[in-house]
Amino acid sequence: MNLARFPRIRLGHLPTPLEPMENLSRHLGGPGGGPRLWIKRDDATGLSTGGNKTRKLEFLMAEALAQQADTVITQGATQSNHARQTAAAAAKLGLACHILLEDRTGDHSPAYAQSGNVLLDKLHGASIARRPGGADMQAEMEALAAELRAKGKRPYVIPGGGSNPVGALGYVNAALELVNQAAEMGLRIDHVVHATGSAGTQAGLVAGLVALNSGIPVLGIGVRAPREKQEANVLALAQRTAEHLGLPGIVKAEHVVANCDYVGQGYGIPTEGMVEAVKLLAEKEGILLDPVYSGKGMAGLIDLIGKGRFGKDENVVFLHTGGAVGLFGYPDAFGVAQD
Ligand SMILES: *Cc1c(COP(=O)(O)O)cnc(C)c1O
């Protein structure tokens, strides 16, 4: 596996730290002890407060520049972390940025519609247009790209979440980084757990970890789709990513595992478990999770520890994918208006 063959632009502060969560491990393990919990700080990639999309954008933006694009177009839900990191990357590289925001949650409160990620999109100079929930966002982006081309622009279209075989290379790179980091620390990683949405993070990680013959299983905690659909999306993209790497056929169905029991009412809708997880990490570790992804991912991890899914003294790495800026879009979920 030779990632240097692929065009890449440095955007992130890498490698991100891999840290123990001693308080949380003690708290959740109880008197009998439990798994040892670690956190891979991809919330700390640096770009506009960081997050997992930065790694994908290192490869996607390099391709945009290679194609002489002068504009990027992408899409996401209103509080999209991907849109915010794309806007920041475009600003840094001197490209125009058009963002289409889908009203996926139906929340029209000023905090949700204007604060958090939306505020930062605008600060980075991106232009924003809104679309109703359920719109065909890929088609909307293609239509906008055609309009811009007719005006003489050179747009590069980035799919939602930056999830295609080029973006997923960012998480192949993360797999390499994690395995090297663990080796240096003398740490045997038994499981990696993270929130999975548009599938690029898990697909890249799985393709990378399998390519390295690491034997490390990945568990994706879903935030939107039911399990069969999520696993099928991740598997298809992991296989395309492996092919892009020049390693066709290495990723098998058994490498892709998702648990979608923690979505609740739907994408971006708070759950009790998410609120508890966000509060617990804030209070025990001084770490901010987010309401849409890492909060639900951690809620899943906490529940599964309680159910004995991980062995005592196994090392479980939670990949923190970022998104804490989104907390400002959800003040009511945490009861902060009550004091
Ligand atoms: C996008 C995102 C995810 C999910 O990553 P995918 O590659 O879309 O599956 C997880 N956490 C946060 C904070 C995100 O912004």
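Quick caveat: nothing in here was measured; it's all calculated off a predicted structure.

### With respect to the layout of surface pockets
Turning to step 1, where the next piece is worked out: Its volume calculated, the largest pocket comes out at about 820 Å³.
Turning to step 2, where the next piece is worked out: When contributions to the lining of the largest pocket are tallied by element, the ones reaching two or more residues are helix 2 (53-66), strand 3 (71-77), helix 3 (81-93), helix 6 (137-150), strand 7 (191-196), helix 8 (200-211) and helix 9 (227-244).
Turning to step 3, where the next piece is worked out: Per-element tally for the lining of the largest pocket: the top contributor is helix 9, with six residues.

### Comments concerning the UniProt feature "domain: Tryptophan synthase beta chain-like PALP" (unreviewed entry) in the protein
Turning to step 1, where the next piece is worked out: Feature annotation in UniProt assigns "domain: Tryptophan synthase beta chain-like PALP" (unreviewed entry) to the following positions: residues 9-322.
Turning to step 2, where the next piece is worked out: The span residues 9-322 is 43% helical and 17% strand by assignment, and the distance between its end C-alpha atoms comes to 20 Å.

### Regarding empty space enclosed by the protein
Turning to step 1, where the next piece is worked out: Under the counting rule described, the total for this entry stands at one cavity of 30 Å³ or more.
Turning to step 2, where the next piece is worked out: Quantified by volume, the largest cavity comes out at close to 50 Å³.
Turning to step 3, where the next piece is worked out: Every residue lining the largest cavity is listed: K40, D42, R55, Y171, A174, L178, V192, L205, V317 and L319.
Turning to step 4, where the next piece is worked out: Of all the elements in the fold, those that place two or more residues in the lining of the largest cavity are helix 7 (169-185) and strand 10 (315-320).

### Some words on the pairing of strand 3
One face of the sheet, then the other: side chains in a regular strand alternate in exactly this way.
Turning to step 1, where the next piece is worked out: By the criterion of burial, strand 3 is predominantly enclosed, with seven of the seven residues buried.
Turning to step 2, where the next piece is worked out: Strand direction decides the pairing type here: strand 3 and strand 4 (residues 96-103), joined by seven bridges, are parallel. When the bridges of strand 4 are listed, T71 appears paired with A96.
Turning to step 3, where the next piece is worked out: Following the backbone out of strand 3, through helix 3 and into the adjacent parallel strand 4, one traces a crossover that is right-handed.
Turning to step 4, where the next piece is worked out: Relative to strand 6 (residues 155-157), strand 3 runs parallel, the two being bridged by three bridges. Each residue of the ladder has a partner; that of V72, found in strand 6, is Y156.

Cut-offs used in this document
Residues numbered from 1 in each chain as written. Predicted model: local features only at pLDDT ≥ 70, side-chain atom pairs only at ≥ 80, totals over all residues. Heavy atoms only, no water. 1 Å grid on protein atoms, 1.4 Å probe; cavity = no way out; pocket = protein on both sides within 12 Å on 5 of 7 lines; lining within 4 Å. Points joined across faces, edges and corners; volume = space filled by probe spheres on them. Helix = DSSP H or I, 4+ residues; strand = E, 2+ residues; numbered from the N terminus. UniProt positions renumbered as here; feature names shortened; annotations may be inferred. Buried < 20%, exposed > 50% of the residue type's maximum accessible area, 1.4 Å probe, protein only. Pairing = 2+ DSSP bridges. Right-handed = clockwise from strand over helix to strand, strands pointing away.

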